[in-house]
Amino acid sequence: MNEQSSDLRETVRQRYAAAATTVTEGAAACCGSGPTAVEVDARFGSGLYDADERAGLPAEAVAASLGCGNPTAVAELRDGDRVLDLGSGGGIDVLLSARRVGPTGKAYGLDMTEEMLALALANAEKAGAGNVEFLKGSIEAIPLPANTIDVVISNCVINLSVDKPAVFAEMFRVLRPGGRIGISDVVADDALTSAQRAERGDYVGCIAGALSFAEYRAGLEAAGFTDVGITPTHAVADGMHSAIVRATKAATTATGPDAPAAHAADGSCCGVSACCTPAEEAVDPTVGVDEAKSAAGCGCTS
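Please read all numbers here as calculations on a predicted model, not as lab measurements.

Undergrad: Explain the overall build of the protein chain residue by residue, including any values.
TA: Each helix and strand in the protein chain was counted, giving nine helices and 12 strands. Buried positions account for 53% of the 302 residues belonging to the protein chain. Sequence-distant contacts in the protein chain: of pairs separated by 6 or more residues, those separated by 24 or more amount to 66%. As displayed, the protein chain has an accessible area near 12,600 Å², and 52% of this comes from carbon and sulfur atoms.

Here it is in structure tokens:
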């Protein structure tokens, strides 16, 4: 990473650390307009969630919503799904995902900011959410094994990355075959140059770092995604849009020792629950994990 990229990442980290502190102290912050009440700016924040979604969530999780959309409303989450939220912030999308996937599913949140992680953990405890886990790390190097996630979501965070091809490649890596993404992000009209995007807002304000529609599509397809769809929802600046981004990691029919494992709705595969994760264990308690996988011809054996 070059010096400019490192400086940008640190600026982003400082901005969201300050936002977490602001929320903890009883105020709120919005991605698009600096420290302010979230409800003031209809383009960003908690106003993009329905009242029934916000109901029952800790006030701090709602107040810390800094995104440009509602990815949980478009990700088509199902019972038993394993969901990963990139740049999970105060945890609102993780907590909403945990509701949707139920007790047999799991929702992970990934964030690089200590202050946001502390806020998210406190919010999860207040919500009594037992099927969530928050991880510290960067979205360019996701700390999860390959082929373990059903759905990747993110809310106005990928535009902040200084290495978007790495983010797309990491999303593809951690998704199971047949997995999908449901992302809210800021996307620019194809006619706008990078300089013109910067004129409309700064990097930490979710504007200057945004990809164009064509660049976003090309990046996802280069990473291996298919069925890419990018649908604008509302304007956030002149020629800049909040958009819903969907794509799929194609299912595979490959067999043999290198083939990814299929899995059931309860997260089991090849006679193993929580397949290919650190928590995996044999469904039949009388056999070991490797024995169960070998007997089923499972491709994921390590």
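Undergrad: Any chance you could break down the pattern of salt bridges for me, citing the residues and the numbers?
TA: The tally for this structure, following the rule as stated, stands at seven salt bridges. Note that Lys106 and Glu133 form a salt bridge whose closest N and O atoms lie 2.8 Å from each other. Taken together, the positions of Lys106 in strand β4 (residues 106–111) and Glu133 in strand β5 (residues 132–136) put the pair 27 residues apart, joining distant regions of the chain. Residue classification places Lys106 among the partly exposed positions, given a relative accessible area of 22%. Given a relative accessible area of 30%, Glu133 falls into the partly exposed group. Where Glu215 meets Arg197, a salt bridge forms, and the shortest distance between an N and an O atom there is 3.0 Å. Within this pair, whereas Glu215 is found in helix α8 (residues 213–223), its partner Arg197 is found in helix α7 (residues 194–199), the two being separated by 18 residues in sequence. Note on Glu215: relative accessible area 36%, which makes it partly exposed. Residue classification places Arg197 among the buried residues on the basis of a relative accessible area of 4%.

Undergrad: Which residues make up the environment of Asp81, and what values go with them?
TA: Here Asp81 is to be found in the loop between α3 (59–63) and β3 (82–86). For Asp81, the residues in contact, after removing those within four places along its chain, are Glu76, Val101, Gly105, Lys106, Asp150, Val151 and Arg180. A distance of 2.8 Å separates the side chain of Asp81 from the backbone nitrogen of Arg78, its partner in a polar contact. A distance of 3.1 Å separates polar atoms of two side chains, one belonging to Asp81 and the other to Arg180.

Undergrad: Before we move on, can you summarise the confidence of the model for the protein chain with the specific residues and values?
TA: With 60% of its residues at a pLDDT of 70 or more, the protein chain shows a mean pLDDT of 75. Predicted confidence in the protein chain is weakest over strand β2 (residues 34–35), with a mean pLDDT of 37, and strongest over α8, with 97. Low pLDDT (under 50) marks residues 27–40, which in the prediction has 43 contacts with non-local residues, meaning those over four places away or in another chain. Between residues 253–268, whose pLDDT stays under 50, and residues either more than four places distant or in other chains, the model counts 30 contacts.

Undergrad: Break down the packing of aromatic side chains for me, citing the residues and quoting the values.
TA: Two aromatic rings, taken as a pair, are described by how far apart their centres are and by the angle between their planes. By the definition in use, this model includes two aromatic pairs. Taking the centre distance of 5.4 Å and the plane angle of 45 degrees together, the rings of Phe168 and Tyr216 count as tilted. Placement of Phe168 in helix α6 (residues 164–174) and of Tyr216 in helix α8 is noted, with a sequence separation of 48 residues between them. Tyr216 sits in the buried class, given a relative accessible area of 1%. Taking the centre distance of 5.2 Å and the plane angle of 90 degrees together, the rings of Phe172 and Phe225 count as edge-to-face. Of this pair, Phe172 sits in helix α6 while Phe225 sits in the loop between α8 and β9 (226–237), placing them 53 residues apart in sequence. On the basis of relative accessibility, which here comes to 22%, the residue Phe172 falls in the partly exposed class. Overall, Phe225 belongs to the buried group, its relative accessible area being 3%. Positioned above the aromatic ring of Phe172 is the side chain of Lys249, whose terminal nitrogen or guanidinium carbon lies 4.8 Å from the ring centre.

Undergrad: Lay out the nonpolar core in plain terms, naming residues and giving numbers.
TA: Formed by 31 residues in total, the largest nonpolar core has its most connected members in Leu84, Met171, Ile181, Tyr216 and Leu220. Going through the elements one at a time, β3, β4, β6 (149–155), α6, β7 (175–188), α8, β9 and β10 (240–248) are the ones with two or more residues in this core. Residues in contact with Leu84, not counting those within four places in the same chain, are Tyr108, Leu110, Ile142, Leu144, Ile149, Val151, Val152, Ile153 and Val174. Leu95, Ala98, Ala107 and Val132 belong to the second-largest nonpolar core, a separate cluster that totals nine residues.

Undergrad: Any details on unusual backbone geometry? Residues and values, ideally.
TA: The general pattern is negative phi for most residues beyond glycine and trans for most peptide bonds. Of note, Glu76 is a non-glycine position whose phi angle comes to about 55 degrees, a positive value. Relative to the helices and strands, Glu76 is located in the loop between α3 and β3. In this structure, Asn147 takes a positive phi of about 60 degrees despite not being glycine. With respect to the secondary-structure elements, Asn147 resides in the loop between β5 and β6.

Rules behind the numbers
- Residues numbered from 1 in each chain as written.
- Predicted model: local features only at pLDDT ≥ 70, side-chain atom pairs only at ≥ 80, totals over all residues.
- Heavy atoms only, no water.
- Helix = DSSP H or I, 4+ residues; strand = E, 2+ residues; numbered from the N terminus.
- Buried < 20%, exposed > 50% of the residue type's maximum accessible area, 1.4 Å probe, protein only.
- Contact = heavy atoms within 4.5 Å.
- Areas by Shrake-Rupley, 256 points an atom, 1.4 Å probe, with all protein chains shown as cover.
- Salt bridge = Lys/Arg side-chain N within 4 Å of Asp/Glu carboxyl O.
- Polar contact = N/O pair within 3.5 Å; in protein donor to acceptor, adjacent residues only side chain to side chain.
- pLDDT = per-residue confidence, 0-100.
- Phe/Tyr/Trp six-rings, centres within 6.5 Å; stacked < 30°, edge-to-face > 60°.
- Lys NZ or Arg CZ within 6 Å of the ring centre and 35° of its normal.
- Core = buried A, V, L, I, M, F, W, Y, C linked by side-chain atoms within 4.5 Å.

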